[in-house]
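Tertiary structure, described
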Amino acid sequence: MAKPHVALEVGYDGVAVISISNPPVNALALPVIAGLKEKFDEAARRDDVKAIVLTGKGGKFSGGFDINVFQKVHETGDASLMPDVSVELVVNTIEDCRKPVVATVEGLALGGGLELALGCHARIAAPKTQLGLPELTLGVIPGFGGTQRLPRLAGLSKAIEMMLSSKPITSEEGKTLGLVDSLVPSQELLNVSRQWALDIADRRKPWIRTLHRTDKIGSLSEAREVLKAARQQAKRTAPNLPQHHACLDVIEEGLVHGGYSGVLKEAKVFKDLVLSDTAKGLVHVFFAQRATSKVPNVTDIGLKPRHIKKVAVIGGGLMGSGIATALIVGNIYVVLKEVNSDYLLKGTKTIEANIRSLVTRGKLTQDKANEALSLLKGVLDYSEFKDVDMVIEAVIESVPLKQTIFSEIEKACPPYCILATNTSTIDLNLVGEKTTSQDRIIGAHFFSPAHVMPLLEIVRSNKTSAQAILDLMAVGKQIKKVPVVVGNCTGFAVNRTFFPYTQSAHFLVNLGVDIFRIDRLIGSFGLPMGPFQLQDLAGYGVAVAVAKEFGSAFPDRTFRSPLVDLLIKNGRNGKNNGKGYYLYEKGSQPKPDPSVLPIIEESRRIANIMPNGKPINVTDQEIVEMILFPVVNEACRVLDEGVVVRASDLDISSVLGMSFPSYRGGIVFWGDLVGPKHIYSSLKKWSQAYGDFYKPSRYLEERAAKGILLSVPASSSTGSKSRL
Ligand SMILES: C[C@H](O)CC(=O)SCCNC(=O)CCNC(=O)[C@H](O)C(C)(C)COP(=O)(O)OP(=O)(O)OC[C@H]1O[C@@H](n2cnc3c(N)ncnc32)[C@H](O)[C@@H]1OP(=O)(O)O
């Protein structure tokens, strides 16, 4: 790959075109920043240069500052690796340049990329260019002056909205806001920009230094009202994220003391934030997500994904209809098969409702929704299966039923067709036992609701072909999921890792801890809801089935809580019938139900695990740890057995499949941050007090003893086996 560089070309018109080249997104790597400084200095010096145009090669302006540098800062703890771009380059070299500078913006201008453009004296953009400051998603704030210049160009409210939401706008909207000076077709972009720059030089167009503008930010009292509302919103929606409040403070500094003062404060706060645990977690998640597309012996052996045009989904229940929805929205033709016309109608109606909800939430236009629905066909037999490229079976978790279906589809489908199952627990070898097509059998484990949750866990057995894996990965990407390839075992990587989550919560309740306290604390930790509310939502049938499956696979560490059976016996079935741990009434938030407490007391009596029959005394922190350390412990076993390619695959899966807070970097990353030693010694202590449920795994014990992080890949000397 070509090295990142910056080129300067001076035309006969006296315009110097400075272009950034660092494929694929022209990230502002350190050599690019040094190159920009050098070329701008040269252009400013040269007598044959009247004006300057700044552009990005390959149809993209820039995807922002090179995030790899953040990673280096995190590895070394040295924030001085960050160059002084904001004052040195953007203010002194570009904005205060004695020659006008025009940004030619195409494709995308994100983060530091957009901030460079904001420092220029005008911006000419191609249609449909993405403009945004997504830095908060990386745990930092815009650091090249964006907190100061965006409000001065787009207005305070809109700028705050863009920064706090991290969502990009199009250049069309940018033009309406005043962020973009002119919108021109791609092929005219450079010529219009050159002329614009010359027009500024010759005073035919205004020469605007954005940092000095005040016309769009209103009076200080108005601005303070806007900031107050934004702070309240940040408190509600991002309570654990320091960067939101920091961003607002920095904006305020500029409003009160002027843009330059704001730029200085921004630089300082940026450097503090870049070293925060939040930034470490979010940057890790950024790279973890991208790493999932690299699977050894699958994506690196020269195979090309085949085009999957038609997919059959078997079963129109909650999962099947969600999967079918995701596929048709992703432009894939779907045949939905059910056993009778009533079920088929129900499945089709659910898909229609899913699509409607996507339209209502602004995720899909009505035209796209109609297009998607036109790709769906309901069937009651296998005649349509003769030319399908892939089948995804999504029926109930019954081994004999799945085995029958797989031997039927083996006959009904073409020999190249991929045979996938959406099972969340059953061994793939068992599913395909009655076929001779083990190489085409694969797990396509979606998370509920399948048309919303972004994770696709792709499960391979030791017989699944690389081509089948690659094809399913491509389908996953086409339907906007993040595919993570994992090995075959009970619960696979994600459910297996998180099985102890609900288990520990039940263990704690039976040790005498209040369920609502547990839910509250897990909510404060950052999961969208606690384990009991989640159980209410999923329905107790799932809890019973999963406990049975895991109980037989891992009897040494399964806690048989009497509580769910007691709830069912008492006529409670969670959200399904409006009564579980919480009460559910239409239009209002779930309310803790005090009448559940006697049932919990009964469960405690039956379980009989409270030391001396008395509730244990634990701190809030211990509660969170007693729930999450067993999860880390199981993650260790998953790593030890080689069920995932790399530890970060478990991190991204925990974030996208289990809603583990992304700003904590995922389950293994968080475990490393907390420290394997502390986790080990805590589990050891609890296992001595409360039994084997907390027993530390071999992997954790070894890592704690040797002082090695959990995420460090196992060397061959540790004797770990891979299932991949
Ligand atoms: C001081 C400043 O204020 C601080 C900053 O600027 S922080 C950076 C702000 N910018 C961002 O957050 C944008 C991050 N990038 C993205 O959102 C997306 O990559 C994108 C929308 C630009 C492109 O998306 P997409 O086309 O799906 O490609 P995607 O797979 O994500 O990226 C392609 C490659 O570019 C890399 N990349 C993208 N943006 C990058 C960046 N800013 N720095 C370093 N690498 C980057 C990715 O890691 C990936 O590398 P890989 O192929 O080796 O895995």
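Bear in mind the structure is a predicted one, so any value in this text is a computation, not a measurement. Residue positions are counted from 1 within each chain, in the order its sequence is given. It should be noted that, the model being predicted, local features are given only for residues of pLDDT at least 70 and side-chain atom pairs only at 80 or more, the latter also being counted only at that level, while totals for whole chains, interfaces and linings use all residues. Side-chain numbers come from the whole structure's heavy atoms, not from hydrogens or water.

Taken in spatial order, the eight strands line up as S12-S11-S10-S13-S14-S15-S16-S17 in an open sheet, and their pairing is mixed. The sheet terminates laterally at strand S12 (376-379) and strand S17 (482-487), the two strands that pair on one side only. Shown here is a sheet whose adjacent strand axes are inclined to one another by a mean of 25°, direction ignored. Strand pairing is defined by DSSP finding a minimum of two bridges between the two strands. Think of it this way: any DSSP run of H or I at least four residues long counts as a helix, any run of E at least two long counts as a strand, and we number them from the N terminus. Note that strand S16 (residues 455-460) and S17 share six bridges and pair parallel. Within the sheet, the bridge partner assigned to Leu455 lies in S17 and is Val482. Contacts are residue-level and defined by heavy atoms, with any inter-residue pair within 4.5 Å sufficient. Interaxial angles span 0 to 180 degrees and are taken between N-to-C directions of axes, which are lines fitted to C-alpha atoms, for helices over the stretch in contact. Along the sheet, helix H13 (residues 318-329) makes contact with strand S10 (310-314), strand S11 (333-337), S12, strand S13 (390-393) and strand S15 (441-446), crossing S10 at roughly 165°.

Moving on to the site of the ligand. The full set close to the ligand counts 25 residues, and Phe65, Gly112, Glu115, Glu135 and Arg290 are the nearest of them. Under the rule applied, a polar contact is a pair of N or O atoms within 3.5 Å (in protein, one hydrogen donor and one hydrogen acceptor; residues adjacent in sequence only if both atoms are side-chain atoms). Phe65 has a polar backbone atom sitting 2.9 Å from an oxygen atom of the ligand. The contact in question runs from an oxygen atom of the ligand to an N or O atom on the side chain of Glu115, over 2.6 Å. Only the protein chains shown count as cover for residues, and all accessible areas are computed by the Shrake-Rupley method using a 1.4 Å probe. Protein contact buries 71% of the 970 Å² of open area that the ligand shows by itself. Of all the elements, helix H2 (residues 67-76) adds the most residues to the shell around the ligand, at three residues. For the shell around the ligand, the class distribution of residues is 14 nonpolar, six polar and five charged. Put simply, a residue is near a molecule or strand once any heavy atom of it comes within 4 Å of that molecule or strand. Following the grouping adopted for this structure description, the nonpolar residues are Ala, Val, Leu, Ile, Met, Phe, Trp, Tyr, Cys and Pro, the charged ones are Asp, Glu, Lys and Arg, and the polar ones are all others, Gly among them.

With that settled, the discussion passes to helix H11 (residues 259-274). Expected helix span is given by 1.5 Å per residue-to-residue step, counting one fewer step than there are residues. When the terminal C-alpha atoms of H11 are compared, their 22 Å separation across 16 residues agrees well with the 22 Å that a helix rising 1.5 Å per residue should span. Here's how the labels work: a residue is buried when its accessible area is under 20% of the maximum for its type, exposed when over 50%, partly exposed in between, all with a 1.4 Å probe on protein chains only. Within the sequence span of H11, burial applies to Gly259, Gly262, Val263, Glu266, Val269, Phe270, Leu273 and Val274. The buried residues of H11 occupy an angular sector of 135° when projected down its axis, which confines them to one face. The elements touched by buried residues of H11 are H2, helix H3 (86-95), helix H4 (112-119), helix H5 (146-154), helix H10 (242-257) and helix H12 (277-291). The arc in question is traced by the directions running from the helix axis to the C-beta atoms.

Let us look at empty space enclosed by the protein. Buriedness for pockets is judged along seven lines, at least five of which must meet protein on both sides within 12 Å for an open set on the 1 Å grid over protein atoms alone, while cavities are sets there where a 1.4 Å probe fits but cannot get out, and lining residues have an atom within 4 Å of a point. Grid points are joined across faces, edges and corners, and a volume is the space filled by probe spheres set on the points. In this structure the tally under the stated criterion is four cavities of 30 Å³ or more. Its volume calculated, the largest cavity comes out at about 80 Å³. Lining the largest cavity are Phe499, Pro500, Gln503, Arg557, Pro630, Asn633, Glu634, Arg637 and Phe693. Listed by contribution, the elements that provide at least two residues to the lining of the largest cavity are helix H19 (494-510) and helix H25 (620-640). No other element matches H25, which puts four residues into the lining of the largest cavity. The residue inventory of the lining of the largest cavity, partitioned by class, reads four nonpolar, two polar and three charged.

With that settled, the discussion passes to the UniProt feature "domain: 3-hydroxyacyl-CoA dehydrogenase NAD binding" (unreviewed entry) in the protein. With numbering aligned to this structure, UniProt lists the feature "domain: 3-hydroxyacyl-CoA dehydrogenase NAD binding" (unreviewed entry) at residues 310-488. End C-alpha to end C-alpha, residues 310-488 measures 26 Å, and it is 40% helix and 22% strand. UniProt positions are given in the numbering used here, feature names are shortened, and annotations may be inferred rather than shown by experiment.

The next subject is H3. Extensive coverage of H3 is indicated by the burial of eight of its 10 residues. Taken together, the buried residues of H3 touch helix H1 (30-45), strand S4 (101-105), H4, H5 and H11.

With 98% of its residues at a pLDDT of at least 70, the protein reaches an overall mean of 95. Confidence metrics for the complex model read pTM 0.95 and ipTM 0.99. Confidence per residue, as judged by the predictor, is encoded in pLDDT with a range of 0 to 100.

The positions UniProt marks with the feature "domain: 3-hydroxyacyl-CoA dehydrogenase C-terminal" (unreviewed entry) are residues 491-584. Along residues 491-584, the helical share is 61% and the strand share 2%, with 30 Å between the first and last C-alpha atoms.

Once that is clear, we can look at the pattern of salt bridges. A pairing counts as a salt bridge when a side-chain nitrogen of Lys or Arg comes within 4 Å of a carboxyl oxygen of Asp or Glu. Evaluated as defined, the whole model comprises 39 salt bridges. With its nearest N and O atoms 2.9 Å apart, the salt bridge here joins Glu173 to Lys158. Taken together, the residues span a long stretch of sequence, with Glu173 in helix H7 (residues 171-177) and Lys158 in helix H6 (residues 156-165) at a distance of 15 residues. We classify Lys158 as buried; its relative accessible area is 16%. A salt bridge links Arg572 to Asp593, with the nearest nitrogen and oxygen atoms 2.8 Å apart. With Arg572 in the loop between helix H23 (563-569) and strand S18 (582-583) and Asp593 in the loop between strand S19 (591-592) and helix H24 (597-607), this residue pair connects regions lying 21 residues apart in the sequence. Classification of Arg572 as buried rests on a relative accessible area of 5%.

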